[in-house]
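Chains, contacts and geometry: an overview
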Amino acid sequence: DSPRGPLVLVGAISVQMAAAVLIGTSTSSYGVLFVLAATVWSFIAGMQWAVSTNAGLIAAASGALLVTAPPVAPTLSSVGTAALLALGGGLVQAVLIGLWPRRRWRLQRDALTRAYRALGVDARRLASDPTVGLDPAPLLWLRDTFTMSDSQAKRRPLAYRAWYGLPQRISVTLTALAGRSSDDPAVADVLRAAAAVLDVVASRSRTAKRDATLGVMQVEAATDRVAVANVALAHRLSHQLREAVALRFGELTPDVDHVTRLGRRGGLSAMPIAAAAIRSHLAWGSPILRHAFRLSAGVGAGVAVERFADVPYGYWIPLTVLMVLRPETAHTYTRCVGRVAGNAAGIIVASLVTLIWHPTGLAAAVLAVVALGIAYAVSGFGYVATSAALAAAVVFVIDVSNAADAGTMADRLIATLIGGALAVLVHVLLPDDSLVRLRQRAGELLKTEIDYAATVIKAFVHGLDHPAEALAAAWERAFRARAAFE
């Protein structure tokens, strides 16, 4: 779910899934080797949370393809066919995107273009006459476009606010600088140079990124000539313009702490940045590193139990570990247990359907697609409902057979409960660093308190359709964060 072109991302994910299938089918008939392969893959998948949340979830999903490989003796044709099918299955989405591209971000791009173009015009006007005001209409439209016109806005991380928050911050800095231009003529030069950068950011020419970078350098050169009292504001403007250039031309997903320049041309340009993000978490206090160790230990133990203890439907053990473990610090065990309960509920519902209907082949595929559609529909209601729908989809994809009976459902539930117990156990044995946990819970508390204050202001100043419900929900989130912090 990115404003940049998704084709390269989908292609890279397809290659990763094919690699998981290749490794799984090549080692599945060799017990110890299969356990080692699943353990190493799970560690690498856990470290991918350092890149982003979506990267970590996708890596875990690829691990699910590995741990569900059947213990069949590998041949060159069987391994190659399975890997190619996985690759082709992933590339189907790329083909569909190419034939039927998503238009969701077109409106947002148009709003950004209009906002930056308006800011460029306003900067020139302020350079000539500091008393004129900024036109607020493009900025308000930009904010409404990102927060109201997109049905997925609530599901996105808070970092996506950078897309519409940055132009607002630039407008504040421009106004503050213009107020000091009467005492410092060099400020007008900074405003004109900034206007040129904003015009280039709003343009769509082939040389826009290069021209914008050169324009930022001209802004920084102009800041050297302003008075000492205005240096801080001028530097703030140049930094904000650099962020705008990076977000507009080179950023895949805005980050909270820094602007990561993931290139939009080719997946290879993103590899060094992803590797650097992973290296930054190779410290014992990192929650990502500890999650990787927990995930690899839980999945490795689950695969070992499946292969050497001969548990029926044993691959539900490592599969459950992959589905419920997250690098979370607050409400960790509650969410783990909730996801396990969701898995169990999904297995029960899907097993009852298989007991009554015995769907196979196309019928099972249709039921799996329906379950995935339900998972998408209920994803806004919480992780328990999503886990239930995904577990039901897995049952229809893998577990369906004409031999299903009541004992089959019990075996699946037992394997799921074992996997859930393993997930909780590895978290108990290797918890997050106490200071890291305290810092993250403090950050969560701060964010929820700010959101609550913003909701109160919005309810009483701007107006909401259902203010009581919005205030109650914001207060409940803040109360939970405060309880976790305490």
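Given the structure is predicted, the values throughout are model-derived calculations rather than measurements. (Residues numbered from 1 in each chain as written. Predicted model: local features only at pLDDT ≥ 70, side-chain atom pairs only at ≥ 80, totals over all residues. Heavy atoms only, no water.)

1. Some thoughts on the overall build of the protein chain
Test applied: Working definition: helices are DSSP H or I runs of at least four residues, strands are E runs of at least two. Numbering for both runs from the N terminus. Classification of residues uses two cut-offs on accessible area relative to the type maximum, computed with a 1.4 Å probe and protein chains only: under 20% is buried, over 50% is exposed, and between them is partly exposed. Here, residues are in contact when the closest pair of their heavy atoms is within 4.5 Å.
Helix and strand counts for the protein chain stand at 19 helices and 0 strands. Evaluated residue by residue, the protein chain yields a buried proportion of 44% over its 486 residues. Restricting to contacts in the protein chain with at least 6 residues of sequence separation, those with at least 24 account for 75%.

2. Re the environment of A301
With respect to the helices, strands and loops of the structure, A301 is situated in helix α12 (residues 287-308). Placed 263 residues apart in sequence, A301 and A38 show a C-alpha to C-alpha distance of 9.7 Å.

3. Quick look at the packing of helix α14 (residues 332-357) against helix α16 (residues 383-399)
Put simply, the test is: Axes, fitted as lines to C-alpha atoms, cover a helix only where it is in contact. Angles between the N-to-C directions of the axes lie from 0 to 180 degrees. Should an angle fall under 35 degrees it is called roughly parallel, over 145 degrees roughly antiparallel, and 65 to 115 degrees roughly perpendicular, with every other angle called oblique. By convention, the crossing between two helices is left-handed when the near helix turns anticlockwise from the far helix through less than a right angle, and right-handed when the turn is clockwise. Polar here means any residue outside two lists: the nonpolar Ala, Val, Leu, Ile, Met, Phe, Trp, Tyr, Cys and Pro, and the charged Asp, Glu, Lys and Arg; Gly therefore counts as polar.
Relative to each other, α14 and α16 sit at 40 degrees, their axes nearing to 7 Å. Taken together, the axis directions place α14 and α16 in an arrangement best described as oblique. Seen from above, α14 lies across α16 with right-handed handedness. Between α14, through T334, R335, G338, R339, G342, N343, A345, G346, I347, A350, V353 and T354, and α16, the contact on the second element is made entirely by Y383, V384, S387, A388, A391, A392, V395 and F396. Looking at the contact of α14 with α16 residue by residue, the classes come out as 11 nonpolar, 7 polar and 2 charged.

4. Quick look at the packing of aromatic side chains
The geometry of an aromatic ring pair is captured by two quantities: the separation of the ring centres and the angle between the planes. Note the cut-off: A pair of Phe, Tyr and Trp rings is counted when the ring centres sit within 6.5 Å of each other, with Trp represented by its six-membered ring. The angle between the planes then sorts it: under 30 degrees is stacked, over 60 is edge-to-face, the rest tilted. We call a charge positioned above a ring when the Lys NZ or Arg CZ atom is no farther than 6 Å from the ring centre and deviates by at most 35 degrees from the ring normal.
Counted according to the given criterion, the structure contains 3 aromatic pairs. Ring pairing ties together the aromatic residues F43, W284 and F293, which thus form one cluster. Geometry around Y383 places R339 over its ring, the cationic atom sitting 5.1 Å from the centre. Directly above the ring of Y313 sits R412, whose terminal nitrogen or CZ lies 5.2 Å from the centroid.

5. Looking at the side chain of T416
Looking at the element boundaries, T416 is found in helix α17 (residues 406-429). Residue T416 is classed as buried on the basis of its relative accessible area, which comes to 0%. For T416, the residues in contact, after removing those within four places along its chain, are W316, T320, V340, N343 and I347.

6. Quick notes on helix α3 (residues 53-67)
The cut-off we apply is this: Multiplying one less than the number of residues by 1.5 Å gives the expected span of a helix. Distance and chemistry together define a polar contact, namely a pair of N or O atoms within 3.5 Å, with one atom able to donate a hydrogen and the other to accept it when in protein, and with adjacent residues in sequence counting only for side-chain atoms on both sides.
The end-to-end C-alpha separation of α3 is 21 Å, in line with the 21 Å expected for 15 residues at 1.5 Å each. Residues of α3 that are buried make contact with α1 (7-27), α2 (31-47), α12 and α13 (316-324). For α3, the N-terminal capping position is held by S52, with its side-chain oxygen 3.1 Å away from the main-chain nitrogen of A55.

7. Description of the pattern of salt bridges
Heads up, the rule is: Note on definitions: salt bridges are taken to be side-chain nitrogens of Lys or Arg within 4 Å of carboxyl oxygens of Asp or Glu.
Scanning the entire structure with this criterion turns up 10 salt bridges. The salt bridge involving R192 is made with D189; its shortest N-O contact spans 3.2 Å. In this pair, R192 and D189 both sit in helix α8 (residues 186-202), 3 residues apart, roughly one turn of the helix. The class of R192 is partly exposed, set by a relative accessible area of 42%. Residue D189 is classed as partly exposed on the basis of its relative accessible area of 33%. The salt bridge involving R210 is made with D211; its shortest N-O contact spans 3.8 Å. Overall, R210 belongs to the exposed group, its relative accessible area being 53%.

8. Things to note about the nonpolar core
This is how the line gets drawn: Within this scheme, the nonpolar core is defined by two criteria: the residues are buried Ala, Val, Leu, Ile, Met, Phe, Trp, Tyr or Cys, and they are joined through side-chain atoms within 4.5 Å.
Of all hydrophobic cores here, the largest spans 47 residues; its most connected members are V67, V299, W316 and F396. Every element with two or more residues in this core is listed here: α2, α3, α12, α13, α14, α15 (362-378), α16 and α17. Take this core: its biggest share by element is 7 residues, from α13. In contact with W316, other than residues within four places in its own chain, are I347, A391, V394, V395, D399, R412, A415 and T416. Residues W163, L166, A186 and V245 belong to the second largest nonpolar core, which totals 45 residues.

9. Considerations on the environment of G90
Mapped onto the elements of the fold, G90 is located in helix α4 (residues 76-99). We classify G90 as buried; its relative accessible area is 7%. Sequence-wise, G90 and S14 are 76 residues apart; in three dimensions their C-alpha atoms are separated by 4.6 Å. Beyond its immediate stretch of four places on either side in the chain, G90 contacts V10, S14 and M17.

10. Side note on unusual backbone geometry
The backbone of D310 shows a phi angle near 55 degrees, a positive value even though the residue is not glycine. With respect to the secondary-structure elements, D310 resides in the loop between α12 and α13. For D310, a relative accessible area of 66% puts it in the exposed group. The phi torsion at H358 lies on the positive side, around 55 degrees, for a residue other than glycine. Along the chain, H358 falls in the loop between α14 and α15.

11. Let's talk about α13
The buried fraction of α13 amounts to 9 of the 9 residues, a majority that puts the element mostly inside the structure. Taken together, the buried positions of α13 are W316, I317, P318, L319, T320, V321, L322, M323 and V324.

12. Points about the packing of helix α5 (residues 106-128) against helix α6 (residues 137-147)
Two numbers describe how α5 lies on α6: the axes approach to 9 Å, and their chain directions differ by 160 degrees. Classified by the angle between their axes, α5 and α6 sit roughly antiparallel to one another. As α5 packs across α6, the resulting crossing turns out to be left-handed. Contacts from L107, Q108, D110, A111, L112, R114, A115 and A118 of α5 reach α6 at A137, P138, L139, W141, L142, T145 and F146. Of the residues that constitute the contact of α5 with α6, the class distribution is 11 nonpolar, 2 polar and 2 charged.

13. Regarding the confidence of the model for the protein chain
Selection criterion: What pLDDT conveys is the predictor's confidence in a given residue, as a value from 0 to 100.
Averaged over all residues, the pLDDT of the protein chain equals 84, while 88% of them reach at least 70. This model gives residues 251-266 a pLDDT under 50, and the stretch forms 38 contacts once residues within four places in sequence are excluded.

14. So, the side chain of T25
Tracing the chain through its elements places T25 in helix α1. Overall, T25 belongs to the buried group, its relative accessible area being 17%. Among the polar contacts made by the side chain of T25, one reaches the main-chain carbonyl oxygen of V21 at a distance of 2.7 Å. Within the structure, the side chain of T25 is placed 3.3 Å from the backbone oxygen of L22, a separation counted as a polar contact. The contact partners of T25, leaving out residues within four places of it in the chain, are A69, V72, P74, V79 and A82.

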